[in-house]
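Examining the three-dimensional arrangement
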Amino acid sequence: MEPISVITGQMAPLPRANVDTDAIIPKQFLKRVERSGFGPYLFYEWAYDEEGEIIEDFILNQPDYAAAEVLVSGPNFGSGSSREHAPWSIEDRGFKAIVAPSFADIFYNNCINIGLLPVVLSNEEVAKLTEIANDPENFVTIDLEAQTVTAIGFEAHFDIDPFAKHRLVNGFDNIALTLEHAEAIDFYEESRLGFKPALG
Amino acid sequence: MTTPKTMYEKIWADHVVRDGGGNEPDLLYIDLHLVHEVTSPQAFESLDLTNRTVRRPDLTLATIDHGVPTEGREFGIKDPLSKKQIDTLVANCAKHGIELYDISDIRQGIVHVIGPEQGVTQPGMTIVCGDSHTSTHGAFGALAFGIGTSEVEHVLATQTLPQTRPRSMAVNVNGELPRGVTAKDVILGIISRIGVAGGTGYVIEYRGSTIEALSMAGRMTICNMSIEGGARAGMIAPDETTFEYLRGRNYAPRGDDWDAAVTYWKSIRTDAGAVFDVEVDIDATDLAPYVSWGTNPAQTVPVTGVVPDPATFADPLERDAAQRALTYMDLEPGTPMTDVEIDRVFLGSCTNGRIEDLRAAAAVLEGKKINSEVHAMVVPGSGLVKLQAEEEGLDLIFKNAGLEWRDAGCSMCLGMNPDILMPGERAASTSNRNFEGRQGRNGRTHLVSPEMAAAAAVAGRFVDVREWS
Ligand code: SF4
């Protein structure tokens, strides 16, 4: 995982509540066995009509927003399934962060685990940022170390779990961190209740 | 005296491998890892790339459910991508020594149906799966939650997960359920009250006389949809109903182990006087058979209700969402739900694909024919559910009524296999999500109980099962 420090880039506004994982990456694209290559199918049913023709109006299809790196959306973003394909597809499309008033739990964790920065701001702050994002000329800067989001006429602080931040800033591999405690795992297993089921 | 604890706190404490001390997440031991074909290939690949192995194949169980066809299996899997995904799981399980219920195995089925069915889902366990409806297993008094693929890899490699402690919510449901009101209606009623994000950050414990009176199937239906209210996990205290369900199952403890297990299982129940961060009280006698009108599971009304007017929603984003939902669903505000005509009926899924659900639907359909305009299918939750239903003659009731009788899998719950809604088709579905495009692009899903779905199949529109005989 690449370490994250400061993200500066264009925003794409998507002011909708409860954007769910079926909308982010529809199921017909979950059949890949690879981790990459999901970007072209991001928000597929909002981006393409039933004939597969591009829907010009959709924000991510507008040439002005082609380089966007920060998605700004509504509350409960990423609700629904645990499919990591959802954050993969957002990341694969070039996004580095998502700003929203709230996220669904599993989606939020998945983002942290793949190094796509989820930023929680208040409803009012997200509304203001969405307005700023409506002009594609405007950029945003997210400083993870300082936990700030700044844009023209806008400055906000965001909270993030200190350990999640520590991992993101350093780009740590979570499994390697856990394996440092291999002895504790061995120890736990020795005392595990004998009647618990095991297969095979 | 020790402070009274909730069940979730006790199970958590019993699984801490390493205490994070508040600054870091706790490292939790995972008792059971369930695996399916869609969310695992990238995890196995990455495990191979980093030269890591599966720590506890004996605590890992795999099945094939999301992408399998539910008819014509003898001709193989036609979709080359699904075939590759399934073959990949078969190869990964063989390589790592993981037990897999393959397409030809009678035990094959939806991952959340097979665990309980085999008795491998037990009280007091931590259970994870790369699937958000893992909350289903909480019905046994287990701490069970969905994880992403990076976490699947983490569990494969370490049999643990770093977790920050969620808050606790008690949902107390008391009173006798009115006739025709099912577990599905209880959870739809709960979600309509707390909202689709109301449970975010919480583990829910469902409590109260209504919950205690439910069968394991009903309890699983409720815990299954916890995620639809935003909660990662939902749980119900183990009691005699739980023990009776487990006794004699394949992986249930036997002899002295059984007695030790029951003693332990009883000890994990929430202590009297334990404090939850939030409590929600629901009077069961206020509940009705629900039908969803929108594109999220909180957008429901009693079947006697009407499609709401978005203008009545105070929050601008919610109003906008309701308007979008009505456009997508092609519904007019004020339309009685019983005037809404349907094209398709889907009976199945990890919410309502168990034998009890099929019996309930069959009881409604016995001796009747479904509406000639309706195309309906029954997809059992597992091969064993299918077998049991056939032994009871339920398949004949369905077939005589004009429904298709399929093989086990997720099927039209998410339509990763060929079972999908065509654009514009409207379905009464016993599944759990009515999101845009979930059951097929521009398909329109109405969530209901098995009884309501069966009655709708006959009438060709939604009807109040309470007035149906
Ligand atoms: S039946 Fe539906 S909700 Fe359940 S695991 Fe399968 S796809 Fe997911």
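Nothing here was measured: the structure is a model prediction, and the numbers come from that model. (Residues numbered from 1 in each chain as written. Chains lettered and ligands numbered in written order. Predicted model: local features only at pLDDT ≥ 70, side-chain atom pairs only at ≥ 80, totals over all residues. Heavy atoms only, no water.)

Let us look at the overall build of chain B. Each helix and strand in chain B was counted, giving 16 helices and 19 strands. Seen through its C-alpha atoms, chain B measures out along the principal axes to roughly 55 × 55 × 45 Å. With 469 residues in all, chain B has 66% of them scored as buried. Nonlocal contacts in chain B, meaning residues at least 24 apart in sequence, comprise 76% of its contacts between residues at least 6 apart. Accessible surface computed for chain B: about 15,500 Å², of which carbon and sulfur atoms make up 49%. Measuring between centres, the 42 positive side-chain charges of chain B sit 2 Å from its 64 negative side-chain charges. (Helix = DSSP H or I, 4+ residues; strand = E, 2+ residues; numbered from the N terminus. Buried < 20%, exposed > 50% of the residue type's maximum accessible area, 1.4 Å probe, protein only. Contact = heavy atoms within 4.5 Å. Areas by Shrake-Rupley, 256 points an atom, 1.4 Å probe, with all protein chains shown as cover. Lys, Arg positive; Asp, Glu negative; His and termini not counted. Charge placed at Lys NZ, Arg CZ, Asp CG, Glu CD.)

Further remarks concern the interface of chain B and chain A. One frequent convention defines the size of an interface as the accessible area lost when the parts assemble. Each partner contributes to the interface: chain B provides 84 residues, whereas chain A provides 59 residues. Buried surface at the junction of chain B and chain A, both sides included, amounts to about 5,900 Å², of which 56% is carbon and sulfur. On inspection of chain B and its partner chain A, the count reaches ten salt bridges. As a salt-bridge pair, Arg55 of chain B and Glu189 of chain A come within 2.8 Å of each other at their nearest N and O atoms. For the interface between chain B and chain A, the tally reads 33 residue pairs in polar contact (both at pLDDT 80 or more). No other element matches the seven residues that helix H5 (residues 149-158) of chain B contributes to the side of chain B that touches chain A. The class makeup of the residues in the side of chain B that touches chain A is 30 nonpolar, 30 polar and 24 charged. (Buried area = accessible area lost by both parts, 1.4 Å probe. Salt bridge = Lys/Arg side-chain N within 4 Å of Asp/Glu carboxyl O. Polar contact = N/O pair within 3.5 Å; in protein donor to acceptor, adjacent residues only side chain to side chain. Nonpolar A, V, L, I, M, F, W, Y, C, P; charged D, E, K, R; others polar.)

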